[in-house]
Amino acid sequence: MASIHKAVLDLKSLDLLANGNSSVHRLDARAKVLVSLVFILCVVSYGRYELAVLFPFFIFPIVMISMAGLPPLFILKKILLLCPFVLAVGIFNPVFDRQILLHLGPLGISGGWVSFASILTRSILTVGTGFILVGVTGFTAVCQALEKLGMPRVFAVQLLFLYRYIFVLTEESGRASRARELRSCGKKGLGIHSFSSLVGHLLLRTWQRAERIHMAMLARGFTGEFHASRQSGFGMPEIRFALIWSTLFIFLRLQNVPQLLGSLITGLNP
Amino acid sequence: MSHHIVEVKNLQHIYSDGTAAIKDVSFIITHGESVGIIGANGAGKSTLLQHLNGSLEPTGGSIHIGHTPLTKGTLPDIRRTVGMVFQDPDDQLFMPTVFDDVAFGPLNLGYTPADVEERVTEVLELVGAGHLRDKPPYHLSGGEKKRVAIATVLSMSPDILVMDEPTNGLDPFARRQLIKLMRDFKHTRIFTSHDLDMVLELCNRVIVLHEGVVRADGPTLEIFNNDKLLSECRLEKPFSMQGCPVCSSAIK
Ligand SMILES: Nc1ncnc2c1ncn2[C@@H]1O[C@H](COP(=O)(O)OP(=O)(O)OP(=O)(O)O)[C@@H](O)[C@H]1O
Ligand SMILES: [Mg+2]
């Protein structure tokens, strides 16, 4: 429990990265959200056996991380945190799908492994982009941008509360499990019994705290509208940013770039 | 709202589990008054305060702020008038950094970014938390959180300041600072505290709550000199009125 607690606190520090002041940070949130959406759409729209075509897309996260000065290792660790889930989703592909699709020398690679690798790559790309987006924009600003881009306000606010609720829940669970650990004197507490009552208790507590925080927000003039402290408009830099990246993604999506490169080098047409 | 009168009439609050936390409370607090609400643990102080900005809905009775009844429709206006510091600062801080948290209120009030910046810097200095502005609130000490929570409310320039145990967890210096700050605040102040010396120093009027009803309401000195009342309500004289225990035991 303690390690989850720490991981989520780390997630909060992702939000802190958004206080940076690079050229990417200064861009209007809408431009970044738009570009990220186009990116994600392009990446997930590939078929399940496509792998090589995904690699050129890594240029976007890499350029963003270096331009915004985000700590690459930190982002990488956050992505790794998600890997168990992806593994759970994709791990059966190699078992069920044994048709040989690729030959690497004497080694035959089955379709299952290819699709597994494809899922993994696509998850890393999309999740990484999500983290980077929050890291250069801040979650509040992302929600705000989504709303300005036409998402109904109710959903935007819901999303924000969900995000806050995760923190409230982990903070409460961190406290409760610490209290339990301290009083169980190194033994396993009272086993499953005390654990289940702890969980029930936790949900109630979290709910109450979330309610009190909501009250505090209302007490400070919250009317369902979020204001970012960074003020910006959709100007020339935003248009350039959105245009260049989106065009690149769509180009990458429509053309098979690795193959194109290969044929250029070998001078053959496919 | 020119006259920030707070009028509570026959207020009653029963929690959903059946606990009658406030049974029958009435009082009128006029503009510029500084009133201390004291009472034992569980007397209903926090419950009472949370009604003053509509955080809790009364089960019975009514509340008027500056002659405006507290209803759903008037709530936004009343919340702008009444600044509220909760007992637990963790309930009050929810943004990624101290700066964002203090800026939350002013941004909602529609200040321009430049004004917000200025206002936030100003109030953080006022509570002695200027050096904390870029820290995340969950990395602060208890007393630091409390000070930031107070700043979040001051940043909205409320006309009525309501605080639930403001000096709880503050070091002596920060407590002094807060007392000075509250003395300089010219509008209505209402707060609960177990720090009776602070109540003595800041308030000319005290309301004593006991098991959900008003046991006494009057001038501070009069109440603190009423030994029978104090002991019945599980209270004591402020230390500064008790005489020095070291010196007096030397005389005996
Ligand atoms: N959410 C709740 N549900 C049920 N009962 C509650 C709830 N909150 C408080 N109470 C009860 O209401 C009574 C008054 O609580 P309140 O928090 O107002 O006390 P208080 O005077 O602020 O005490 P303290 O000095 O300890 O802060 C207590 O008996 C408490 O047990
Ligand atoms: Mg209380």
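Please read these numbers as outputs of a predicted model, since none were measured by experiment.

### Topic: the overall build of chain A
Thinking step 1. A tally of regular secondary structure across chain A gives twelve helices and two strands.
Thinking step 2. Counting only residues that meet the buried cut, chain A has 41% of its 270 residues in that class.
Thinking step 3. Here the contacts in chain A between residues at least 6 apart in sequence split such that 78% fall between residues at least 24 apart.
Thinking step 4. By element, 70% of the accessible surface of chain A is carried by carbon and sulfur atoms, the whole surface being about 15,100 Å².

### Brief notes about the interface of chain B and chain A
Thinking step 1. In this complex, chain B contributes 26 residues to the contact, which on the side of chain A involves 26 residues.
Thinking step 2. Between chain B and chain A the total buried area reaches about 2,400 Å² when both faces are included, carbon and sulfur atoms providing 60% of it.
Thinking step 3. On the surface where chain B and chain A come into contact, there are four salt bridges.
Thinking step 4. One salt bridge connects Asp91 of chain B with Arg212 of chain A, and the closest N-O pair in it is separated by 2.6 Å.

### Here's the deal with the site of ligand 1
Residues and elements named next belong to chain B.
Thinking step 1. Lining the immediate environment of ligand 1, one finds 15 residues, of which Gly42, Lys45, Ser46, Thr47 and His194 sit closest.
Thinking step 2. The separation between an oxygen atom of ligand 1 and a polar side-chain atom of Asn41 is 3.0 Å.
Thinking step 3. In the model, an oxygen atom of ligand 1 is placed 2.9 Å from a nitrogen or oxygen of the Gly42 main chain.
Thinking step 4. Considered on its own, ligand 1 offers 640 Å² of accessible surface; in the complex 67% of this is hidden by protein.

### Quick notes on the coordination of the magnesium ion (ligand 2)
Residue and element names in this part refer to chain B.
Thinking step 1. Looking at the metal site, the magnesium ion (ligand 2) is ligated by Ser46 (OG) and Gln87 (OE1), spaced 1.9 to 2.3 Å from it. Remark: Gln87 occurs in the loop between strand S6 (82–85) and helix H3 (98–108) and Ser46 occurs in helix H1 (residues 45–52); sequence separation between them is 41 residues.
Thinking step 2. Using a relative accessible area of 35% as the deciding quantity, one classes Gln87 as partly exposed.

### Focus on helix H8 (residues 139–148) of chain A
All names here are of chain A.
Thinking step 1. Counting buried residues in H8 gives eight out of ten residues, a clear majority hidden from the surface.
Thinking step 2. Every buried residue belonging to H8 is among Phe139, Thr140, Ala141, Val142, Cys143, Gln144, Ala145 and Leu146, and all of these are buried.
Thinking step 3. Where H8 terminates, the next one or two residues include Gly150, which has phi positive at roughly 115 degrees.

### Details of the nonpolar core
Looking at soluble globular proteins, one finds that nonpolar side chains tend to be buried together.
Thinking step 1. Judged by nonpolar contacts, the single largest core of 72 residues is most densely connected at Phe57 of chain A together with Ile190 of chain B.
Thinking step 2. A per-element tally of this core places helix H7 (residues 111–137) of chain A first, with six residues.
Thinking step 3. Domain assignment of the residues forming this core places at least three in each of domain 1 (1–151) and domain 2 (152–224) of chain A.
Thinking step 4. Filtering out sequence-adjacent residues up to four positions away, Phe57 of chain A remains in contact with Phe39, Cys42, Val43, Tyr46, Leu125, Phe249, Leu252 and Arg253 of chain A.

### Observations concerning the confidence of the model for chain B
Thinking step 1. Per-residue pLDDT for chain B averages 89, and the proportion of residues at 70 or more is 97%.
Thinking step 2. In the predicted assembly, ipTM is 0.75 and pTM is 0.75.

### Considering the packing of aromatic side chains
Thinking step 1. Applying the stated criterion across every chain yields a total of 13 aromatic pairs over all chains.
Thinking step 2. Look at Phe222 of chain A and Phe104 of chain B: their rings are 6.0 Å apart centre to centre, the planes differ by 25 degrees, and that puts the pair in the stacked class. Linking Phe222 of chain A in the loop between helix H10 (191–219) and helix H11 (236–254) with Phe104 of chain B in helix H3, this pair reaches from one chain into another.
Thinking step 3. On the basis of relative accessibility, which here comes to 7%, the residue Phe222 of chain A falls in the buried class.
Thinking step 4. Accessibility expressed as a relative area gives 5% for Phe104 of chain B, which makes it buried.

### Some points on the packing of helix H5 (residues 72–90) of chain A against H7 of chain A
Residues and elements named next belong to chain A.
Thinking step 1. It is at 9 Å that the axes of H5 and H7 come closest, and there the two elements cross at 145 degrees. Crossing hand, H5 versus H7: right-handed. Residue-level contacts link Ile75, Lys78, Ile79, Leu82, Val86, Leu87 and Gly90 of H5 to Phe116, Ile119, Leu120, Ser123, Ile124, Val127, Gly128, Phe131 and Ile132 of H7.
Thinking step 2. Here the residues of the contact of H5 with H7 are counted per class, giving twelve nonpolar, three polar and one charged.

### Thoughts on unusual backbone geometry
Residues and elements named next belong to chain B.
Thinking step 1. A positive phi is found at Ser157, a non-glycine position, where the angle reads about 45 degrees.
Thinking step 2. Relative to the helices and strands, Ser157 resides in the loop between helix H5 (142–154) and strand S7 (160–164).
Thinking step 3. Positioned with a positive phi, Arg234 is a non-glycine residue whose angle comes to about 55 degrees.
Thinking step 4. On the secondary structure map, Arg234 appears in the loop between helix H9 (227–232) and helix H10 (239–242).
Thinking step 5. A relative accessible area of 66% places Arg234 in the exposed class.

### A closer look at the domain arrangement of chain A
Residues and elements named next belong to chain A.
Thinking step 1. Partitioning chain A into structural domains gives domain 1 (1–151) and domain 2 (152–224).
Thinking step 2. The C-alpha-based centres of domain 1 and domain 2 are spaced at 28 Å.
Thinking step 3. Listed as interface residues are 14 residues of domain 1 and, on the opposing side, 15 residues of domain 2.
Thinking step 4. Buried area between domain 1 and domain 2, both sides added, is near 1,500 Å², and the carbon and sulfur share of it is 74%.
Thinking step 5. Where domain 1 packs against domain 2, one counts one salt bridge.
Thinking step 6. Salt-bridge contacts for Glu147 lead to Arg153; the nearest nitrogen and oxygen are separated by 3.2 Å.

### What to know about the pairing of strand S2 (residues 20–29) of chain B
Thinking step 1. Examined bridge by bridge, strand S1 (residues 6–14) of chain B and S2 of chain B share six bridges and lie antiparallel to one another. Pairing of His13 of chain B across the sheet is with Ile22 of chain B, part of S2 of chain B.

Thresholds, definitions, all that
- Residues numbered from 1 in each chain as written.
- Chains lettered and ligands numbered in written order.
- Predicted model: local features only at pLDDT ≥ 70, side-chain atom pairs only at ≥ 80, totals over all residues.
- Heavy atoms only, no water.
- Helix = DSSP H or I, 4+ residues; strand = E, 2+ residues; numbered from the N terminus.
- Buried < 20%, exposed > 50% of the residue type's maximum accessible area, 1.4 Å probe, protein only.
- Contact = heavy atoms within 4.5 Å.
- Areas by Shrake-Rupley, 256 points an atom, 1.4 Å probe, with all protein chains shown as cover.
- Buried area = accessible area lost by both parts, 1.4 Å probe.
- Salt bridge = Lys/Arg side-chain N within 4 Å of Asp/Glu carboxyl O.
- Near = heavy atom within 4 Å.
- Polar contact = N/O pair within 3.5 Å; in protein donor to acceptor, adjacent residues only side chain to side chain.
- Donors = N, O, S within 2.8 Å, 3.2 Å for Na, K, Ca; no water.
- Core = buried A, V, L, I, M, F, W, Y, C linked by side-chain atoms within 4.5 Å.
- Domains from an automatic or database assignment.
- pLDDT = per-residue confidence, 0-100.
- Phe/Tyr/Trp six-rings, centres within 6.5 Å; stacked < 30°, edge-to-face > 60°.
- Axes fitted to C-alpha atoms, helices over the stretch in contact; angles between N-to-C directions.
- Left-handed = near helix turned anticlockwise from the far one by under 90°.
- Nonpolar A, V, L, I, M, F, W, Y, C, P; charged D, E, K, R; others polar.
- Pairing = 2+ DSSP bridges.

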